[in-house]
Amino acid sequence: MSFDLVIKDGTLVTATSTYQADIGIEGESIAAVGQNLAGDEEVDAAGKLVIPGAVDIHVHMQMPIGDFISADDFFTGTKAAALGGTTSIVDFVEPGAQQNMVDALNERRALADARVVIDYGLHMTIGPQEIAKLDQVPAAYDAGCGSFKLYMAYGLRLEDGQLLRAFEAIREVNGLPVVHAENWDVISTLMARNLAAGNISPHWHPRSRPALFEGEAVSRVVKLASYAGTRAHIFHVTCDDAVQEIADARRRGLPISGETCPQYLLLTQDVYDAPGVEGALPVCSPPIRSQEEQDALWRALGDGSLQVVTTDHCPFSSSEKRTGLHDFSKIPGGVPSVESRLAAIYTFGVRRGRLTANQWVAACCTTPAELAGFARKGKILAGYDADLVIFDPEKGITLSTQTLHENVDWTPYDQIELRGWPETTISRGKIIVEEGEFRGQAGQGRFVARRFA
Ligand code: URP
Ligand code: ZN
Ligand code: ZN
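The present account deals with the structure reproduced in this document. (Residues numbered from 1 in each chain as written. Chains lettered and ligands numbered in written order. Predicted model: local features only at pLDDT ≥ 70, side-chain atom pairs only at ≥ 80, totals over all residues. Heavy atoms only, no water.)

## Remarks on the coordination of the zinc ion (ligand 3)
- Every protein donor of the zinc ion (ligand 3) is accounted for by His58 (NE2), His60 (NE2) and Asp312 (OD), and the metal-donor separations fall at 2.0 to 2.1 Å.
- Of note, the zinc ion (ligand 3) draws all its donor residues from one chain, in the sequence arrangement H-x1-H-x251-D.
- Between the two metal centres, the zinc ion (ligand 3) and the zinc ion (ligand 2), the spacing is 3.7 Å. Summarising the burial analysis for this pair, His58 and His60 share the class buried. (Donors = N, O, S within 2.8 Å, 3.2 Å for Na, K, Ca; no water. Buried < 20%, exposed > 50% of the residue type's maximum accessible area, 1.4 Å probe, protein only.)

## Overview of the nonpolar core
- The biggest cluster of nonpolar side chains holds 130 residues, and the ones touching the most others in it are Ile126 and Trp360.
- Residues within four places of Ile126 in sequence aside, it is in contact with Met101, Ile131, Leu134, Val137, Phe148, Lys149, Leu150, Leu158, Ala166 and Ile170.
- In this structure, Leu5, Ala21, Tyr384 and Leu388 belong to the second largest nonpolar core, which totals 17 residues. (Core = buried A, V, L, I, M, F, W, Y, C linked by side-chain atoms within 4.5 Å. Contact = heavy atoms within 4.5 Å.)

## So, the coordination of the zinc ion (ligand 2)
- The zinc ion (ligand 2) binds to the protein through His180 (ND1) and His236 (NE2); the donor distances cover 2.1 Å.
- Here the zinc ion (ligand 2) binds four donor atoms, and the angle range of 57 to 148° at the metal identifies the geometry as irregular.
- What makes His236 buried here is its relative accessible area of 2%. (Tetrahedral: all angles 85-135°; square planar, octahedral: opposite > 155°, others 65-115°.)

## Digging into a negative patch on the surface
- Residues Asp4, Asp9, Glu26, Asp40, Glu41, Glu42 and Asp44 make up a contiguous surface patch of negative charge.
- Of all the secondary-structure elements, those providing two or more residues to the negative patch are strand 1 (2-13) and strand 4 (38-44).
- You can see Asp44 is positioned in strand 4.
- Using a relative accessible area of 54% as the deciding quantity, one classes Asp44 as exposed. (Patch = residues over 30% accessible without salt bridge, like charges linked within 9 Å, V, L, I, M, F, W, Y side chains within 5 Å. Areas by Shrake-Rupley, 256 points an atom, 1.4 Å probe, with all protein chains shown as cover. Salt bridge = Lys/Arg side-chain N within 4 Å of Asp/Glu carboxyl O. Lys, Arg positive; Asp, Glu negative; His and termini not counted. Charge placed at Lys NZ, Arg CZ, Asp CG, Glu CD. Helix = DSSP H or I, 4+ residues; strand = E, 2+ residues; numbered from the N terminus.)

## Thoughts on the site of ligand 1
- The local shell around ligand 1 consists of His58, His60, Tyr154, His180, His236, Cys284, Ser285, Asp312, Cys314, Gly333 and Gly334.
- The contact in question runs from an oxygen atom of ligand 1 to an N or O atom on the side chain of Tyr154, over 2.7 Å.
- At a separation of 2.8 Å, an oxygen atom of ligand 1 approaches a polar backbone atom of Ser285.
- In the complex, 98% of the free accessible area of ligand 1, which totals 260 Å², lies under the protein chains.
- Taken atom by atom, the bulk of ligand 1 overlaps the largest pocket.
- Split by residue class, the shell around ligand 1 holds three nonpolar, seven polar and one charged. (Near = heavy atom within 4 Å. Polar contact = N/O pair within 3.5 Å; in protein donor to acceptor, adjacent residues only side chain to side chain. 1 Å grid on protein atoms, 1.4 Å probe; cavity = no way out; pocket = protein on both sides within 12 Å on 5 of 7 lines; lining within 4 Å. Sits in = over half its atoms within 2 Å of the grid points. Nonpolar A, V, L, I, M, F, W, Y, C, P; charged D, E, K, R; others polar.)

Structure below.
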């Protein structure tokens with residue numbers, strides 16, 4: 001039999017094993033994994049790693065925050081993702097005050113559908129206004145929002161009682177709550193105190209958001225989720241206090257998971273001490289922390305206390321970041337990472353001996369797909385979507401705005417050298433990146449309805 005497309009002679013790396021095999025693709029799906037497969041079209045992957053397409057379950061494309069909108073739209077952001085080996089993302093819906101959740105979902109889909117290059121899902125945000133709309137959670141779930149975003153910070157934050165009610169509503173549909181866990185009362189008190197004392201520079205950003213209280217917020221999530229009888233996933237974990245709360249919950253058998261992001265694994269808080277706008281660029285929340293915290297995050301990925309690496313990709317231009325130069329609390333938060341995540345974790349995780357190649361695939365591809373309810377993604381198995389990456393473990397790249405394709409005039413990883421980069425990206429059987437060149441098209445990605453068994 002001849003398949004439509006065969007990836008030949010690669011070293012397949014999955015979350016659990018590494019072996020030599022060919023992959024036969026029919027249409028949009030993996031049809032066979034075996035030896036000596038033949039195809040109408042064949043791609044030689046000898047000497048390369050073949051992995052499931054990477055899955056990034058935390059991105060913010062063209063997301064309005066205050067007066068600004070994040071710099072990558074659904075085309076530029078998913079194109080950059082594809083060039084970095086990511087074949088699925090999960091972004092967000094934020095309903096308007098009077099808006100029905102499903103109407104808001106459809107509005108967001110109308111923005112994304114014509115632009116996306118890769119497949120995508122959407123988390124439904126439950127802010128304070130949505131507490132009166134919790135009866136809409138089943139309809140949002142049925143429409144494909146398998147997961148629900150809850151904030152404990154910013155204007156969208158929920159009080160503890162509201163969190164509890166949201167957890168209960170999500171539990172009823174067997175959805176997944178995903179939580180931004182910080183202690184907003186402490187943060188706003190420290191921010192106000194620092195600003196009043198003239199401590200206005202980005203140096204004071206991490207010093208207004210202590211790790212201790214990120215841990216405290218995670219501990220509250222664990223208790224509320226366990227009381228409500230739901231699982232929960234903790235977004236962008238930055239510190240050992242938070243890791244220990246998650247690890248402890250998991251030891252007790254609670255269905256709690258956690259992710260961290262490249263900015264917390266590659267950078268340390270001295271980035272906020274750079275002069276001028278440079279110090280404002282990497283402002284994100286929770287903040288980038290000390291070397292000790294970074295080491296703890298790598299250990300947590302290595303020992304399974306944290307399960308996933310996402311990006312929280314949410315770039316703002318340097319001119320937008322500059323607006324908060326005289327008040328760190330006004331700097332729009334977020335950094336670009338969507339293109340470099342997979343390769344950065346390979347270089348700094350696998351090459352540095354902190355993760356095995358299988359753990360790398362688990363954290364960047366397989367576990368996020370499972371966790372977020374992508375039933376046909378994240379694995380190299382017959383019947384799964386043919387979302388695959390041919391990864392050249394020897395290809396070197398110096399990260400910069402010249403080599404990356406994110407729609408923003410800076411990168412937090414400028415001049416960082418990586419060894420290992422995706423060469424070819426395949427999305428549902430179509431080659432969308434070939435030898436590093438983009439071949440995809442806007443609108444070729446699809447919304448994926450995510451549900452749990
Ligand atoms: O500062 C950040 N992380 N911005 C993106 C929104 C969020 O909190 O995830
Ligand atoms: Zn967040
Ligand atoms: Zn985020």
